[in-house]
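Coordinate inspection notes
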Amino acid sequence: MMMKLSRQFTVFGSAIFCVVIFSLYLMLDHLQLDHTKSPNNGGDKLQNGQLSILQDKIDRLERLLSENNEIIANIRDSVINLKESVKDGRGGLDGGNMSQGHYLELLASPPLVLPIDSQDCQFATREFSKPADGVQLLDVYDLLTFDNHDGGVWKQGFDITYQDNEWDSEPLQVFVVPHSHNDPGWLKTFDDYYRDQTQHILNNIVVKLHEDSRRKMIWSEISYFSKWWDNIDNQKRDAVKSLFEQGQLEITTGGWVMPDEANSHYFALIDQLLEGHQWLERNVGVKPQTGWAVDPFGHSPTQAYLLKQAGLANMLIQRVHYSVKKHFASQETLEFFWRQNWDPASSTDILCHMMPFYSYDVPHTCGPDPKICCQFDFKRLPGGRVNCPWRVPPQPITDGNVQQRVQMLLDQYRKKSKLFRTKVVMVPLGDDFRYAEALEWDQQFQNYQKLFDYMNSHPELHVKAQFGTITDYFNALRKLSIEPGHPSASLPVVSGDFFTYADRDDHYWSGYFTSRPFYKRLDRVLESHLRAAEILYSLTLANIQRFGKLNDFPAVENNRLLTEARRNLGLFQHHDAIAGTGKDMVVIDYGTRCHSDMDTLINHELKGLSFSPRSVVVYNPTEQDRTSVVTVYVNTPHVCVITDHGHPVPAQVSAVWDDSTTASTEAFQLSTAVSGGAETAEYVFLRQGGSVFSEITTSFDHVTHTLRLYNVQGVEGQAVEICNLVDIRREFNHEIAMRLASDVDSKDRFFTDLNGFQIQPRRTMAKLPLQANFYPMTSMAYIQDPGTRLTLLTAQSLGSASLVSGQLEVIMDRRLNQDDNRGLGQGVLDNKVTPSTFRLLLEKRKPSPLSYPSLLSHVSSLYLNHPLISMAVSTEAQSLSLTAFTPLASSLPCDIHLVNLRSIQSKEDGGGPSDEAALILHRKGFDCAFSNRNTGLLCATTQGKIHTEKLFSELRFQSIIPVSLTLMHTTEGGSSKEEIRLKPMEISTYRVQLT
């Protein structure tokens, strides 16, 4: 079963979205070139009978797995030249009637010197002073000894004392925040959790909150909430809406999931947040104000930035290294404004609360003593299924014990408040999948209400306690810390990230940066193909409206498929999914969702090209003109490539190896260089003179290691490509790493990216154990000295480190035979043969005060993660007249990335798309301290300006409205309709109509 699933994943992850893209391309081509013909001549013909032959096509795809896996990294250095091209020992085609000069004219020629506006270089050279109350987390690590002294009842902290009269002039405000953390998969699958627990929790919310208006509750995971919403009647929906209106129920964050913040790429983080927020807007009209992240294993400032851009004002985090928590608690800096490293002012600030203690469960949230706090988790009353490990159970609150129990609990509240700068304290009340039974609601809410009533009716206690949502708490906090009149409670500014997390002793959670790398690679492939399909779908919708062909295109059905794909990708961003920390059966379920989702998209047979003439469509999914190598697989070495005009093109045929010594006689690899415009779909195959690439493959016991050099003028010719095929399935407690050694004098410094969005400086620290010096690498890591930078670009998230000066190492896979005692109850033994791809870039540099990627590394990373997509044209479509489709008028500026052009679903019933789309752009920060000669780039910089009238070759903006990241809020001011202007590092969203 697992091998069959692996075969399907590999093929589907790299192929099926290509099919959707191809069908969209055919529609666009049909609209542009043949719109006077009957609509049934082309597109409808392709659609007939698609699903009826689905199983046959799946079977064919499965049989390709072994071939595809070998192709990824098992190709040896033996190259079989085309029969026609072998003359006088020289490679390449004879050329026939095609001269080298004629061929070169077809290739895009990059400028000798890359045109960079001088003002664009100021961003990376400016130096700004840290605010007086500013905290840089890298400096905090320098200060800490990480000695882990026993702190008493608060084992990882210190003893907390207070004076009884401290609240005489200003009472303590207590907000108890009921919550239920619902993992969309961990020990059970998403559907099993929903069936057994989550649906009952949500049903109870409606009933139990309506019983008493003083009760409050928060909810985060829209993946669950939307599934439940689809299964309740209108009466219950109205009851839910009334709870939102009354402030009893709050949606926190509002993403599809509570995402992992180490491995997820910012594209996927945005996409799952947008999917959740758009669902909320369409169905309940709720706009989240506060982020809630109690379970991701470390926290990234990228997530803070995205929440800020989405319009959220506050956020909460929990899993932070216990020594960092202790330090922040001692400095009363657990509440702070989280600011991005590049921000010299405060435009990126978001108010953040760091929970001070070990966990988010009840024993570790009311105060520093878990033995006391556990006695106030009334689900653990005697006779239940859960008890207190400290062997002192809770007591029901009665008139006879309420005074004594209040004193115990208030003591914890007061001690917790001493760790913060204001006299308002937040106390979460919940745990994983809590409140599934009506009895627990009664136990918790009735007993706590008795405690609150006593506290609030005794003014000598100087406390006001109540249930609240997390935003209720932040609103009270802001009144005390930000509004005039409370200068002593001003909050500090913090910059940096909270990796690598340790929950106790030397237990650093760095293994999940690599765990189950097969699925981490699959995730990135799905992201790329989903993005490509989204963009073509939005362009298709605009074009069918422009040509009046609304009835020719199944917009509603394709929108449904895209929505399903978005949600399955979003589900995989959950912090137990892409992290690789779920049970085996749950991991299978995640993969099956991706597989079954893409099954429905198959409408085109994908296989090796036969000897009969076949056309291939090549789609450039990036916003940059590029020259890149395209490879297809053929069943004969006797093959030639011609352009759409019939001119022969030089190509290279390589062997596909059955094993380390035997070449296949049935499959061959055909490679050429393609020059394509930004966002272009075409089927011209071109190549720079000489061999397309050279490579060498080395086979070891557990890895097949391939190095490849591309002989092209473009960006891909600037780097060494590294492909590893790793297999540790027969090992016992094994990790395998790739180490790069150089003479770069990097000392103890190195740099890793966060979520493919920004760079975080790192320092290897001898005072920390080896596992603590590994950090997440989502898209790149580099080392440098004053004259050189060595950058490793990656096509999948993995853990990385620089343990010795001049070295970079990456953990490729890991196999654990035992549980780590964190609740999973199993090791990680479902390893697969896993391909991974990198590019290694060596650049000369000048010293610079700040560290950002070069433009070349930015674009190289873009190409690595969004390769050209080649699609064999079906025999049914061979008769269609296909030409290049180039929707963009030219490349976007080098530093501006088209994150997505995503259709917006209509608010009307029926599930179809509206006439609007979300245009999401990112201007990347880059360092000019590198040579701008011979970069292979075909773009320039423009100070972040895009002229909207010149963006598309045919389409025009009917409207363009600046909005928040997830379209919840309309942005005041912003760009005009004629020009978009972005600041460095900025991600901006526009609600657009194209005609």
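So, how was this worked out
Within each chain, residues carry numbers counting from 1 in the order of the written sequence. Totals for whole chains, interfaces and linings use all residues, but because this is a predicted model, local features are given only for residues with pLDDT of at least 70 and pairs of side-chain atoms are given and counted only at 80 or more. Excluded from the side-chain calculations are hydrogens and water; all other atoms, namely the structure's heavy atoms, are used. When a residue's accessible area, from a 1.4 Å probe over protein chains only, is under 20% of the maximum for its type it is buried; when over 50% it is exposed; and in between it is partly exposed. Secondary structure elements follow DSSP: runs of H or I of four or more residues count as helices, runs of E of two or more count as strands, with numbering from the N terminus. Each pair of strands is called paired provided DSSP finds at least two bridges between the two strands. You can read pLDDT as the predictor saying how much it trusts each residue, on a scale of 0 to 100. Should any heavy atoms of two residues lie within 4.5 Å, those residues are considered in contact. Here, the term disulfide refers to a pair of cysteine sulfur atoms separated by no more than 2.5 Å. The span you would expect from a helix comes to 1.5 Å times its residue count less one. The angle between two axes is taken between their N-to-C directions and runs from 0 to 180 degrees, where each axis is a line fitted to C-alpha atoms and a helix contributes only its stretch in contact. Joining through side-chain atoms within 4.5 Å is the link that ties buried Ala, Val, Leu, Ile, Met, Phe, Trp, Tyr and Cys residues into a set, and such a set is a nonpolar core. Under this definition, polar contacts are N or O atom pairs within 3.5 Å; protein pairs additionally need one hydrogen-donor-capable and one acceptor-capable atom, and for neighbouring residues in sequence, both atoms have to be side-chain atoms.

**What about the pairing of strand S26 (residues 780-785)?**
Burial of S26 is extensive: six of the six residues sit out of reach of the surface. Residues Met780, Tyr782 and Gln784 of S26 are buried on one face, and the alternating residues Ala781, Ile783 and Asp785, pointing to the opposite face, are buried as well. With two bridges joining them, strand S23 (residues 749-754) and S26 adopt antiparallel strand pairing. Considered in S26, the bridge of Thr752 is made with Ala781. Pairing analysis gives six bridges linking S26 to strand S27 (residues 788-794), with the strands arranged antiparallel.

**Comments concerning the confidence of the model for the chain**
On average, residues of the chain score 87 in pLDDT, and 85% of them are at 70 or above. Contacts for the low-pLDDT stretch residues 1-22, under 50 throughout, to residues beyond four places or in other chains number 78 contacts.

**A word on the state of the cysteines**
When the sulfur atoms of two cysteines share a covalent bond, that bond is a disulfide. Per the counting criterion, the structure on display carries four disulfides. In this model, Cys121 is linked to Cys928 through a disulfide, with the two sulfur atoms separated by 2.1 Å. On the sign convention where negative is left-handed, the bridge of Cys121 and Cys928, at about -80° about the S-S bond, is left-handed. Here the residue Cys121 occupies a position in the loop between helix H5 (100-106) and helix H6 (122-125), and Cys928 occupies one in the loop between strand S33 (913-923) and strand S34 (945-947), the gap between them amounting to 807 residues. Judged by its relative accessible area of 23%, Cys928 falls in the partly exposed class. Between the sulfur atoms of Cys894 and its disulfide partner Cys939 the distance amounts to 1.9 Å. Because the sign of the S-S torsion sets the handedness, a value of about 110° for the bond joining Cys894 and Cys939 places this disulfide among the right-handed ones. Separated by 45 residues along the polypeptide, Cys894 in the loop between strand S31 (869-872) and strand S32 (896-905) and Cys939 in the loop between S33 and S34 bring together distant segments of the chain. Assessed through its relative accessible area of 4%, Cys894 is described here as buried.

**Structural notes on helix H15 (residues 402-417)**
Between its first and last C-alpha, H15 extends 22 Å over 16 residues, near the 22 Å set by a 1.5 Å rise per residue. In terms of residue burial, H15 counts as a mostly covered element, since 12 of its 16 residues are buried. When H15 is considered as a whole, its buried residues turn out to be Val402, Arg405, Val406, Met408, Leu409, Leu410, Gln412, Tyr413, Arg414, Lys415, Lys416 and Ser417. Looking at the packing, one finds that the buried side of H15 touches strand S2 (172-181), helix H14 (370-373), strand S9 (424-432), helix H16 (438-456) and strand S10 (463-467).

**Observations concerning the sheet that holds strand S19 (residues 693-699)**
On the basis of which strands lie adjacent, the open sheet formed by eight strands has the order S19-S20-S21-S30-S27-S26-S23-S24 and antiparallel pairing. Edge positions in the open sheet fall to S19 and strand S24 (758-763), since each of these has one partner strand only. Neighbour to neighbour, the strand axes of the sheet diverge by 20° on average, direction disregarded.

**Observations regarding the nonpolar core**
Most often, soluble globular proteins keep nonpolar side chains buried together rather than apart. Ranked by size, the top nonpolar core spans 146 residues in total, and within it Phe225, Phe328, Tyr413, Tyr448 and Phe498 carry the most contacts. With nine residues, the single largest contributor to this core is helix H18 (residues 517-547). Ignoring sequence-local partners within four residues, the contact set of Tyr413 consists of Leu172, Val174, Val176, Cys366, Val425, Val427, Tyr448, Phe452 and Met455. Counting residues in each nonpolar core, the second largest holds 32 residues, with Ala877, Leu888, Leu901 and Leu955 among its members.

**Here we look at the pairing of strand S37 (residues 987-994)**
Summarising burial for S37: eight of the eight residues are buried, a large majority. Burial along S37 is two-sided: the face carrying Ile987, Thr989, Arg991 and Gln993 and the face carrying Ser988, Tyr990, Val992 and Leu994 are both buried. Bridge count between strand S35 (residues 957-963) and S37: six bridges; the pairing is antiparallel. The partner of Ile961 across the bridge, within S37, is Arg991.

**A closer look at the environment of Asn755**
On the secondary structure map, Asn755 appears in the loop between S23 and S24. On the basis of relative accessible area, Asn755 is assigned to the buried category, the value being 0%. Sequence-wise, Asn755 and Met777 are 22 residues apart; in three dimensions their C-alpha atoms are separated by 7.8 Å. Discounting chain neighbours no more than four positions away, the residues touching Asn755 are Glu261, Ala262, Ser264, His265, Tyr266, Leu269, Ser300, Thr302 and Thr778. Of note is the side chain of Asn755, whose polar atom sits 3.0 Å from the side chain of Thr302.

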